[in-house]
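Coordinate analysis (summary)
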Amino acid sequence: MSTDGHPGQWSFNVRRLNLQVVEAAAKQKGLIIVDATRSGKVYPDSFSRTIPIWATVINRILAPSHPNWDKKLRLPLWISKSERQQIKERLPLFEATLSSQNEDVLSLLQESASLLKKPLRALWVDPTSILPDVLGEDLPFIPIILASVSKPTPTSEPRGNWSYLQGAADDHEAWAYQLTPQLFWGNIEEILGAGPTGCEQRVQVIITRKSRKTVGGMAPNKQERQFIEKKKDKATLIKGSGLVIGSRSEGKPPVCWYKYSAVLNCGCDEYEPQKTEEGCYLHLQIPDGKKDKKALYLALPSAVAFLRKAIETRKEKEVLVHCQQGVNRSVCVCLVGLIVVVNYKGSATELEELGKDEGQLDKYEQRKRYFKAVKHLVLKILRVIQSLRPQANPSRESLKQIFRYLFEYYFTSRDTSHQENS
């Protein structure tokens, strides 16, 4: 999200509409978003630009139903006049981009936004701020308080038996061990009671307990039961494709073979019986998170070959593509399969047809145009997946690897065929 707000890279990300934030702000009449940033800044770019832009676009989209709303772009004081003006000029484009989404997305937006009685507006707070005593229901807007917990320091700062390093909490995938807010607050006394040396081990126990429901005869507490029930995963069928996205539990044998003709495991731990299955099971070595910037890209040729054969030979059963949670890796692999193997909604045809009228463009312009088309198509198919599976949320790094693979798959192969024919 923050890259959308880097200086000179302003945009409105329709892949991450964060409608749950709109709903929470409306119900609670305001909310606080907490983040940290690395050395050299007080506020992350997402606070300075991305969220204020997002709030403004949401307000403008809903403005026809609320003619008295404040639709102005509200940015922090440290954003220059020149940058403010450039962002302001792009607002109609951002608004048009959101308005052009499919009916499912717009329906979700209207459903969440129908709760709003006032426009959204960002306020900024950091460790040096003096909080005003004016926040309350009398405000003409719903406050989105952006709290930066970073204290600017050039290096690590000793504090007793530990050191403060600005921005160390960034990228929670690297340190949270799948700990969710629900699990944290439901087990806060247990986690904090373990102390600094036992905290990590205690978190692992809680995660295991959540996934298995019982460990050592200890039943999950009330909060955990509610969390498990709420988050109980359901596989998602992409209608007309034969492909299903799910989590690891969906691929557990022998039950999975009653429902699926083939199973593609995108990197999570294997169930022992599956290792002996030939032809109808494939395990890809794709680590989760940001640990490897090439693994997904390198695994895609094998994934495409497997899916092509699985789709061609399947009868009435679907093909399951799964990872640990069905959020990132399996979504990416399925997305590529939809384009390359299934030609979902004519996506492959669209890429293959592109360029037939490009004779007058030089090679640089062709590549630039083609990459742009690939990116647009990927995000278009991703929005369809997300309308069916809201938890689908590929990382930025994973999407980059998809862009690269599809660009090379279509553009390079076509370029090579041109050279062979000439």
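As the structure is a prediction and not an experimental result, all values here were calculated from the model.

On to the environment of lysine 71, then. Take lysine 71: it is sitting in the loop between helix 2 (45-62) and helix 3 (81-99). Between the alpha carbons of lysine 71 and proline 119 there is a distance of 7.8 Å; along the sequence they are 48 residues apart. Filtering out sequence-adjacent residues up to four positions away, lysine 71 remains in contact with Thr56, Arg60 and Ala63.

Turning our attention to the sheet that holds strand 8 (residues 260-265). Pairing in this open sheet of five strands is mixed, and the strands run 6-7-10-8-9 from one edge to the other. Two strands close off the open sheet at either side, each with one partner strand: strand 6 (236-238) and strand 9 (281-283). Across this sheet, the average inter-strand angle for adjacent strands is 20°, counted without regard to direction. For strand 6 and strand 7 (residues 243-246), the ladder comprises three bridges, and the chain directions are antiparallel. Residue leucine 237 lies in a different strand from strand 7, and its bridge partner there is valine 244. Against the sheet, helix 10 (residues 295-313) makes contact with strand 7, strand 8, strand 9 and strand 10 (318-322), and its axis sits at roughly 175° relative to strand 8, the strand it touches most. Packing against the sheet, helix 11 (residues 329-340) makes contact with strand 6, strand 7, strand 8 and strand 10, and its axis sits at approximately 170° to strand 7.

Spatially, 1-3-2 is the arrangement adopted by the three strands of the open sheet, whose pairing is parallel. The sheet is open, and its two borders are formed by strand 1 (31-35) and strand 2 (120-125), each paired with just one other strand. Put simply, the sheet's adjacent strands are angled 25° from each other on average, direction ignored. Strand direction decides the pairing type here: strand 2 and strand 3 (residues 142-148), joined by six bridges, are parallel. What sits directly across from leucine 120, in strand 3, is isoleucine 142. Contacts from helix 2 reach strand 1, strand 2 and strand 3, with the element oriented near 165° to strand 2.

Take the environment of serine 387 next. Within the secondary structure layout, serine 387 lies in helix 13 (residues 363-388). C-alpha separation for the pair serine 387 and leucine 108, spaced 279 residues apart in sequence, amounts to 9.1 Å.

Right, let's talk about the packing of aromatic side chains for a bit. Within the structure shown, the criterion is met by eight aromatic pairs. Plain terms: the ring middles of phenylalanine 371 and phenylalanine 407 are 5.7 Å apart, the flat faces sit at 65° to each other, and that makes the pair edge-to-face. In this pair, phenylalanine 371 sits in helix 13 while phenylalanine 407 sits in helix 14 (residues 396-421), placing the two residues 36 residues apart along the sequence. Geometrically, the ring pair formed by tyrosine 409 and tyrosine 410 is edge-to-face, given 4.9 Å between the ring centres and 70° between the ring planes.

What follows covers helix 11. Helical geometry note: an α-helix holds 3.6 residues per turn, so side chains three or four residues apart project in the same direction. The end-to-end C-alpha separation of helix 11 is 17 Å, in line with the 16 Å expected for twelve residues at 1.5 Å each. The element helix 11 is extensively covered by neighbouring structure, given that twelve of its twelve residues are classed as buried. Regarding helix 11, the residues found buried are Arg329, Ser330, Val331, Cys332, Val333, Cys334, Leu335, Val336, Gly337, Leu338, Ile339 and Val340.

This brings us to the nonpolar core. Generally speaking, a soluble globular protein has its nonpolar side chains buried in company with each other. With 60 residues, the main nonpolar core has Leu264, Leu307, Val333, Ile339, Val378, Ile385 and Leu406 as its most contacted residues. Considering each element in turn, this core owes the most residues, ten residues, to helix 10. Beyond its immediate stretch of four places on either side in the chain, leucine 264 contacts Leu282, Leu284, Ala303, Phe306, Leu307, Leu320, Val321, His322 and Val333. Counting 32 residues, the second-largest nonpolar core is a separate cluster that includes Ala26, Tyr43, Trp54 and Ile142.

In this section: the pattern of salt bridges. One pass over the full model with this rule turns up seven salt bridges. Arginine 49 is paired through a salt bridge with glutamate 83; the nearest N and O atoms lie 2.4 Å apart. In this pair, arginine 49 is assigned in helix 2 and glutamate 83 in helix 3, connecting sequence segments 34 residues apart. As far as burial versus exposure is concerned, arginine 49 and glutamate 83 are alike and both buried. A salt bridge links glutamate 408 to arginine 404; the nearest nitrogen and oxygen atoms lie 3.3 Å apart. Of this pair, glutamate 408 and arginine 404 both sit in helix 14, four residues apart, which is roughly one turn of the helix. Take arginine 404: its relative accessible area is 36%, and that puts it in the partly exposed class. Among the charged side chains, a salt-bridge network with shared partners connects Asp45, Arg49 and Glu83.

Our next topic: unusual backbone geometry. Looking along the chain, the bond that leaves proline 253 and enters proline 254 is cis, with omega of 0°. Here proline 254 is to be found in the loop between strand 7 and helix 9 (255-259). Phi at lysine 29 is positive, roughly 60°, even though this residue is not glycine. We note that asparagine 343 has phi near 60°; this positive angle belongs to a residue other than glycine. Summarising the element assignment, asparagine 343 is placed in the loop between helix 11 and helix 12 (347-353). By relative accessible area, asparagine 343 is classed as partly exposed at 29%.

About the criteria used
Per-chain numbering applies: the sequence of each chain, read as written, is numbered from 1 onward. Per-residue local features of the predicted model are confined to residues with pLDDT of at least 70, and side-chain atom pairs are confined, for both listing and counting, to 80 or more; whole-chain, interface and lining totals are unaffected and use all residues. The side-chain values count all of the structure's non-hydrogen atoms but skip hydrogen atoms and water molecules. Numbered from the N terminus, helices here are DSSP runs of H or I no shorter than four residues, and strands are runs of E no shorter than two. Every residue pair with non-hydrogen atoms within 4.5 Å of one another is taken to be in contact. Pairing between strands is defined by DSSP: at least two bridges between the two strands are required. Working convention: axes come from line fits to C-alpha atoms, limited for helices to the stretch in contact. Angles between N-to-C directions cover 0 to 180 degrees. Each Phe, Tyr or Trp ring (for Trp, its six-membered ring) is paired with any other whose centre lies within 6.5 Å, and the angle between the two planes then decides the class: stacked below 30 degrees, edge-to-face above 60, tilted in between. Here the expected span of a helix is defined as 1.5 Å times the quantity of residues minus one. We call a residue buried when its accessible area falls under 20% of the maximum for its residue type, exposed when it is over 50%, and partly exposed in between, using a 1.4 Å probe and counting protein chains only. Definition of nonpolar core: a set of buried residues of the types Ala, Val, Leu, Ile, Met, Phe, Trp, Tyr and Cys, connected through side-chain atoms within 4.5 Å. Should a side-chain nitrogen of Lys or Arg be within 4 Å of a carboxyl oxygen of Asp or Glu, the pair is scored as a salt bridge.

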